[in-house]
Amino acid sequence: MESDCRIPMSCLRPRVLALHALFWGLVSLRVFGAALLSEDKATVKPVVTPCWHIEEFVVAAECFQCNSFQLKSWAACLPTGYIERVNCTRSNKDEYKSCRSSLLDEHRFWKFEGVMLGMTVLFALTVVARQRSLDRLASEKVRRQIESI
């Protein structure tokens, strides 16, 4: 005698039901909690736009690497780890702006090139080994066919 129930009986055990309730409770708490937190953050404080976003500027000091203190305390150091000092022309304010180091970019480029060259050699050797293996199998098959004649 079979039941018409589509839910397996093992899913109706109290432990499984409790785990499902706990899981979906945590998921809903996470979703609704994130929504509530994002509403609180939106009303906290307006963001001040740096002067170099809205007016012309002159680079006062070329791009240089931040020290450990600057990395922890200055927001401009966070994106790249390098900053440059700029002087806004209209407001005559000195501010720091994140920048990209050409030396770091060159180092990353050559590292990428080295990895790509290494992968090229690795996969070329893999192709050669696979081709030799397939050639060996094909010649064995031909030899067996000739022997069976």
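Up top you'll find the structure we're talking about.
Residues numbered from 1 in each chain as written. Predicted model: local features only at pLDDT ≥ 70, side-chain atom pairs only at ≥ 80, totals over all residues. Heavy atoms only, no water.

## Some thoughts on the sheet that holds strand β2 (residues 82-88)
Link 1 in the chain: Taken in spatial order, the three strands make up an open sheet running β1-β2-β3, and their pairing is antiparallel. The strands lining the two open edges of the sheet, one partner per strand, are β1 (57-65) and β3 (94-98). Across the sheet, the mean angle separating the axes of adjacent strands is 25 degrees when strand polarity is ignored.
Link 2 in the chain: Direction of pairing for β1 relative to β2: antiparallel, over a ladder of six bridges. Within the sheet, the bridge partner assigned to alanine 61 lies in β2 and is arginine 85. (Pairing = 2+ DSSP bridges. Helix = DSSP H or I, 4+ residues; strand = E, 2+ residues; numbered from the N terminus. Axes fitted to C-alpha atoms, helices over the stretch in contact; angles between N-to-C directions.)

## A look at the packing of aromatic side chains
Link 1 in the chain: With the rule as written, the count across this model stands at two aromatic pairs.
Link 2 in the chain: Measuring from ring centre to ring centre gives 5.0 Å for phenylalanine 109 and tryptophan 110, while their planes differ by 75 degrees; the resulting arrangement is edge-to-face.
Link 3 in the chain: Judged by its relative accessible area of 54%, tryptophan 110 is exposed. (Phe/Tyr/Trp six-rings, centres within 6.5 Å; stacked < 30°, edge-to-face > 60°. Buried < 20%, exposed > 50% of the residue type's maximum accessible area, 1.4 Å probe, protein only.)

## Points about the pattern of salt bridges
Link 1 in the chain: Following the criterion strictly, the structure yields six salt bridges and no others.
Link 2 in the chain: Put simply, arginine 90 and glutamate 55 hold a salt bridge, and the shortest N to O gap is 3.9 Å. Placement of the pair is arginine 90 in the loop between β2 and β3 and glutamate 55 in the loop between α2 (51-54) and β1, with a sequence separation of 35 residues.
Link 3 in the chain: Arginine 90 gets classed as exposed once you look at its relative accessible area, which sits at 64%.
Link 4 in the chain: Residues lysine 97 and glutamate 84 are paired through a salt bridge, measuring 3.6 Å at the closest nitrogen-oxygen approach. Of this pair, lysine 97 sits in strand β3 while glutamate 84 sits in strand β2, placing them 13 residues apart in sequence. There is no split in this pair, since lysine 97 and glutamate 84 are both buried.
Link 5 in the chain: When salt bridges with common partners are traced through the structure, they connect Glu140, Arg143 and Glu147 into a single cluster. (Salt bridge = Lys/Arg side-chain N within 4 Å of Asp/Glu carboxyl O.)

## Quick look at unusual backbone geometry
Most peptide bonds take the trans form, and the phi angle of most residues other than glycine is negative.
Link 1 in the chain: One non-glycine residue, asparagine 92, lies in positive phi territory at about 55 degrees.
Link 2 in the chain: Here asparagine 92 shows up in the loop between β2 and β3.
Link 3 in the chain: Overall, the relative accessible area of 58% leaves asparagine 92 in the exposed class.

## Side note on the state of the cysteines
Link 1 in the chain: Following the criterion strictly, the structure yields three disulfides and no others.
Link 2 in the chain: At a sulfur-sulfur separation of 1.8 Å, the disulfide partner of cysteine 51 is cysteine 88. Measuring the twist about the S-S bond at about 70 degrees, one finds the cysteine 51-cysteine 88 disulfide to be right-handed. Of this pair, cysteine 51 sits in helix α2 while cysteine 88 sits in strand β2, and the two are 37 residues apart along the sequence.
Link 3 in the chain: Exposure remark for cysteine 88: the relative accessible area of 0% places this residue in the buried category.
Link 4 in the chain: Here cysteine 66 pairs with cysteine 77 through a disulfide, and the sulfurs are 2.1 Å apart. Disulfide cysteine 66-cysteine 77: the torsion about the S-S bond is -90 degrees, which places it as left-handed. Here cysteine 66 is found in the loop between β1 and α3 (68-73), whereas its partner cysteine 77 is found in the loop between α3 and β2, with eleven residues between them in sequence.
Link 5 in the chain: Judged by relative accessible area, cysteine 77 falls into the buried class, the value being 0%.
Link 6 in the chain: Sequence-ordered numbering of the bonded cysteines in the chain gives a pairing of 1-5, 2-6, 3-4. (Disulfide = S-S within 2.5 Å.)

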